[in-house]
Amino acid sequence: MTSATIYLVAPTRAEQRLLGVAELLTAFVQHRIERRAEKRALALDLLREQQARREDPHAVDHMLAQMGAPRH
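Description of the structure in this document.

Criteria and cut-off values
- Positions within a chain are numbered from 1, following the residues in the order the chain's sequence is written.
- In keeping with the predicted nature of the model, local features appear solely for residues at pLDDT of at least 70, side-chain atom pairs appear and are counted solely at 80 or more, and the whole-chain, interface and lining totals rest on all residues.
- Excluded from the side-chain calculations are hydrogens and water; all other atoms, namely the structure's heavy atoms, are used.
- Put simply, DSSP marks the helices as runs of H or I at least four residues long and the strands as runs of E at least two long, and each gets a number from the N terminus on.
- In this scheme, a residue with accessible area under 20% of its type's maximum is buried, one over 50% is exposed, and one in between is partly exposed, where area comes from a 1.4 Å probe on protein chains only.
- Only the protein chains shown count as cover for residues, and the accessible areas themselves come from Shrake-Rupley with a 1.4 Å probe.
- Within this document, salt bridges are pairs made up of a side-chain nitrogen of Lys or Arg and a carboxyl oxygen of Asp or Glu, the two lying within 4 Å of each other.
- Patch definition: residues with relative accessible area over 30% and no salt bridge; like charges joined within 9 Å; nonpolar side chains (Val, Leu, Ile, Met, Phe, Trp, Tyr) joined within 5 Å.
- For the purpose of counting charges, residues Lys and Arg are taken to be positive, whereas Asp and Glu are taken to be negative. His and the chain ends are not included.
- Charge positions are represented by NZ for Lys, CZ for Arg, CG for Asp and CD for Glu.

A word on the overall build of the chain. Looking only at helices and strands, one finds three helices and zero strands in the chain. Its helices and strands taken in sequence order, the chain reads α-α-α from the N to the C terminus. The 72 residues of the chain split such that 0% are buried. Per element, the accessible surface of the chain, about 7500 Å² overall, is 61% carbon and sulfur.

This is the structure:
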């Protein structure tokens, strides 16, 4: 009876394969989550950098002058 109990407790080959597939799927999903988090952090850093830059009020005038547009 002990051997029957041990056999019933051990996972079957199908269950072992399913556990393996579940581990691979979990690793894949975790990798995607981490990659999205990295992309989001990078995007937020770029956005903060863009917002932190000060706009030069004379930049448009300078560009128009280089193009030869008359000043007002």
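In total, this model carries one salt bridge according to the counting rule given. The residue D45 makes a salt bridge to R48 at a minimum N-O spacing of 3.3 Å. With a gap of three residues between them, D45 and R48 both fall in helix α2 (residues 13–52), about one helical turn apart. The class for D45 is partly exposed, based on a relative accessible area of 44%.

A surface patch of like charges, here positive, comprises R32, R35, R36 and K39. Relative to the elements of secondary structure, R36 occurs in helix α2.

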